[in-house]
Amino acid sequence: MLKRSFLLVFAVLALAAGAAEKTRRDVYVELTWCGGELEMFGIVEKYRLKFSPNFPGERAWLNGRWRDGGEGIALTTTLDGAGDLLRFGRSSSFPVNESIVTLLSFGWINAKGSSIFLFNLVRKRQIVPKVAAQARVVLYPGVETAFCTWSWLSVQKENNSSIRWVFAPWGAAPQDGLFLKLDIRKEDLAKIPEGASYDEAVLGEMFEAFKVPRDLTKAALKSSELQQWAARWKCVRLRFDMGWIGLDEILECELAALSLFLNRPELAPAVPELRRAYGSRLRRLAALLKLKFRSGTIPLEPLRRKERELAEFEKKYGPAEPRPRK
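Small disclaimer: the values here were computed from a predicted structure and weren't measured.

1. Describing the confidence of the model for the protein chain
Here's step 1: When pLDDT is averaged across the protein chain, the result is 81; 85% of the residues are at 70 or more.
Here's step 2: Counting interchain partners and residues more than four positions distant, the pLDDT-below-50 stretch residues 1–20 has zero contacts.
Here's step 3: In this model residues 158–163 is a low-confidence stretch, pLDDT under 50, and it forms 16 contacts with partners more than four residues away in sequence or in other chains.

Written out as structure tokens, the structure is:
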């Protein structure tokens with residue numbers, strides 16, 4: 001009996017410890033790709049930072065590991081002076097003796113200072129890296145996340161030894177690459193007030209843009225599909241705000257998202273507003289395509305296809321927007 005009681009107490013304590021160490025998803029920093037530029041170092045990809053409202057600032061550190069077939073190199077930097085942009089750079093691959101070398105850099109630089117870390121990828125001649133980076137990474141306290149990875153390609157021509165770059169998520173965690181982790185001391189983490197989780201914040205942001213009541217966010221959190229679309233919308237929205245894509249691309253993304261939302265039972269109370277949002281964006285996109293056709297930048301068929309879609313929508317649900325009085 002005593003043994004059974006001891007085991008029961010041990011199990012309860014173990015469960016309590018597991019609950020205490022549960023990942024805090026309400027404390028986070030989000031890295032979202034927002035464009036790249038050619039600089040002296042090479043191509044530099046820029047990532048927009050977004051912190052949770054309760055982020056502890058100078059009490060949080062960004063830890064990373066470069067790993068290439070071994071233990072790798074560790075990096076540590078504070079995010080307090082980073083501003084709102086992190087930079088991930090890559091040089092062209094160049095020959096050194098019998099090897100091909102590619103330089104990678106990661107960190108931040110602005111008027112207040114800099115914190116940049118460099119890493120060399122070295123292989124024998126005619127072997128070049130293909131670097132794959134996540135377009136969006138969310139870091140939580142104590143959770144190591146793969147930011148980028150690389151594989152190796154053999155090239156046949158000497159002048160074809162340039163780095164290959166793709167955005168590609170991966171199913172299993174890669175063995176080699178750059179891994180990032182948000183580091184906050186347990187005692188500091190315990191003092192941070194509870195806030196909305198990252199998933200809830202992204203859904204709420206998107207619903208606000210579509211004028212969907214925020215009280216539907218809790219129900220929508222149960223759907224991984226809705227969360228994935230919210231994350232995708234956020235990435236596309238940021239690229240539009242940064243001027244990297246046109247209005248037609250953000251409208252196409254929002255129409256695809258709204259088409260999904262209109263068929264989700266969790267969002268049934270918001271169907272009238274979602275339908276108005278869909279019709280409004282459909283009309284704007286058709287008008288934009290008409291302007292592009294008249295300027296000679298697109299053929300007639302995409303315009304006709306969108307006009308037919310708008311006509312069918314208005315036939316079924318009425319005018320997408322109130323028409324101005326003559």
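2. Concerning the environment of Lys191
Here's step 1: By the secondary structure assignment, Lys191 is in helix 2 (residues 186–191).
Here's step 2: Sequence separation of Lys191 and Pro56 is 135 residues, and the distance between their C-alpha atoms is 9.5 Å.

3. Quick look at the side chain of Glu30
Here's step 1: Here Glu30 is to be found in strand 1 (residues 29–38).
Here's step 2: The buried category is assigned to Glu30, whose relative accessible area is 2%.
Here's step 3: The contacts of Glu30, once residues within four sequence positions are left out, are Arg48, Leu49, Lys50, Arg136, Val137, Val138, Tyr198 and Lys234.

4. Details of helix 5 (residues 224–241)
Here's step 1: In this model helix 5 runs 26 Å from its N-terminal to its C-terminal C-alpha over 18 residues, within 8% of the 26 Å that 1.5 Å per residue would give.
Here's step 2: For helix 5, the set of buried residues is Leu226, Trp229, Ala230, Ala231, Trp233, Lys234, Cys235, Val236 and Leu238.
Here's step 3: Looking at the packing, one finds that the buried side of helix 5 touches strand 1, strand 2 (43–51), strand 10 (136–139), helix 3 (198–209), helix 4 (217–220) and helix 6 (247–261).

5. Points about the packing of helix 6 against helix 7 (residues 271–294)
Here's step 1: For the pair helix 6 and helix 7, the least separation of the axes is 9 Å and the interaxial angle reads 150°. Accordingly, the angle class assigned to the pair helix 6 and helix 7 is roughly antiparallel. Helix 7 is crossed by helix 6, and the crossing has left-handed handedness. Along the contact surface, helix 6 presents Leu247, Asp248, Leu251, Glu252, Glu254, Leu255, Leu258, Ser259 and Phe261, while helix 7 presents Leu274, Ala277, Tyr278, Arg281, Leu282, Arg284, Leu285, Leu288 and Lys292.
Here's step 2: Grouping the amino acids of the contact of helix 6 with helix 7 by side-chain chemistry returns eleven nonpolar, one polar and six charged.

6. So, unusual backbone geometry
Here's step 1: Within the chain, Asn97 stands out as a residue other than glycine whose phi angle is a positive 55°.
Here's step 2: Checked against the element boundaries, Asn97 lands in the loop between strand 6 (94–96) and strand 7 (99–110).
Here's step 3: Backbone geometry places Lys211, a non-glycine residue, at a positive phi of 60°.
Here's step 4: Take Lys211: it is sitting in the loop between helix 3 and helix 4.

7. Considerations on the pattern of salt bridges
Here's step 1: Counting across every chain of the model gives 27 salt bridges.
Here's step 2: Salt-bridge contacts for Arg185 lead to Glu187; the nearest nitrogen and oxygen are separated by 3.5 Å.
Here's step 3: Using a relative accessible area of 52% as the deciding quantity, one classes Arg185 as exposed.
Here's step 4: Linked by salt bridges that have partners in common, Arg237, Asp241, Glu254 and Arg281 make up one network.

8. What to know about the packing of aromatic side chains
Here's step 1: If you walk through the whole model with that rule in mind, you get 14 aromatic pairs.
Here's step 2: Where Tyr28 meets Tyr198, the ring centres are 5.0 Å apart and the plane angle is 80°; that geometry is what we call edge-to-face. Note that Tyr28 is positioned in the loop between helix 1 (2–20) and strand 1 and Tyr198 in helix 3, a separation of 170 residues in sequence.
Here's step 3: For Tyr198, a relative accessible area of 4% corresponds to the buried category.
Here's step 4: Judged by centre distance (5.2 Å) and plane angle (80°), the rings of Phe88 and Phe147 are edge-to-face. Of this pair, Phe88 sits in strand 5 (residues 85–90) while Phe147 sits in strand 11 (residues 145–154); the two residues are 59 residues apart in sequence, bridging distant segments of the chain. Accessibility assignment for this pair places Phe88 and Phe147 in one class, buried.

9. With respect to the environment of Arg239
Here's step 1: Looking at the secondary structure, you find Arg239 in helix 5.
Here's step 2: Overall, the relative accessible area of 22% leaves Arg239 in the partly exposed class.
Here's step 3: On a C-alpha basis, the gap between Arg239 and Ile250 in space is 8.8 Å, while along the polypeptide they are eleven residues apart.
Here's step 4: In contact with Arg239, not counting residues within four places along its chain, are Trp33, Ala135, Trp244 and Ile245.

10. Re helix 3
Here's step 1: Across its twelve residues, helix 3 extends 17 Å between first and last C-alpha, which sits within 8% of the 16 Å expected from 1.5 Å per residue.
Here's step 2: For helix 3, the complete set of buried residues consists of Tyr198, Asp199, Glu200, Val202, Leu203, Gly204, Met206 and Phe207.
Here's step 3: Contacts from the buried residues of helix 3 go to strand 1, strand 10, helix 4, helix 5 and helix 6.
Here's step 4: Looking at the residues trailing helix 3, positive phi occurs at Lys211, about 60°.

What counts as what
- Residues numbered from 1 in each chain as written.
- Predicted model: local features only at pLDDT ≥ 70, side-chain atom pairs only at ≥ 80, totals over all residues.
- Heavy atoms only, no water.
- pLDDT = per-residue confidence, 0-100.
- Contact = heavy atoms within 4.5 Å.
- Helix = DSSP H or I, 4+ residues; strand = E, 2+ residues; numbered from the N terminus.
- Buried < 20%, exposed > 50% of the residue type's maximum accessible area, 1.4 Å probe, protein only.
- Expected span 1.5 Å × (residues − 1).
- Axes fitted to C-alpha atoms, helices over the stretch in contact; angles between N-to-C directions.
- Parallel < 35°, antiparallel > 145°, perpendicular 65-115°, else oblique.
- Left-handed = near helix turned anticlockwise from the far one by under 90°.
- Nonpolar A, V, L, I, M, F, W, Y, C, P; charged D, E, K, R; others polar.
- Salt bridge = Lys/Arg side-chain N within 4 Å of Asp/Glu carboxyl O.
- Phe/Tyr/Trp six-rings, centres within 6.5 Å; stacked < 30°, edge-to-face > 60°.

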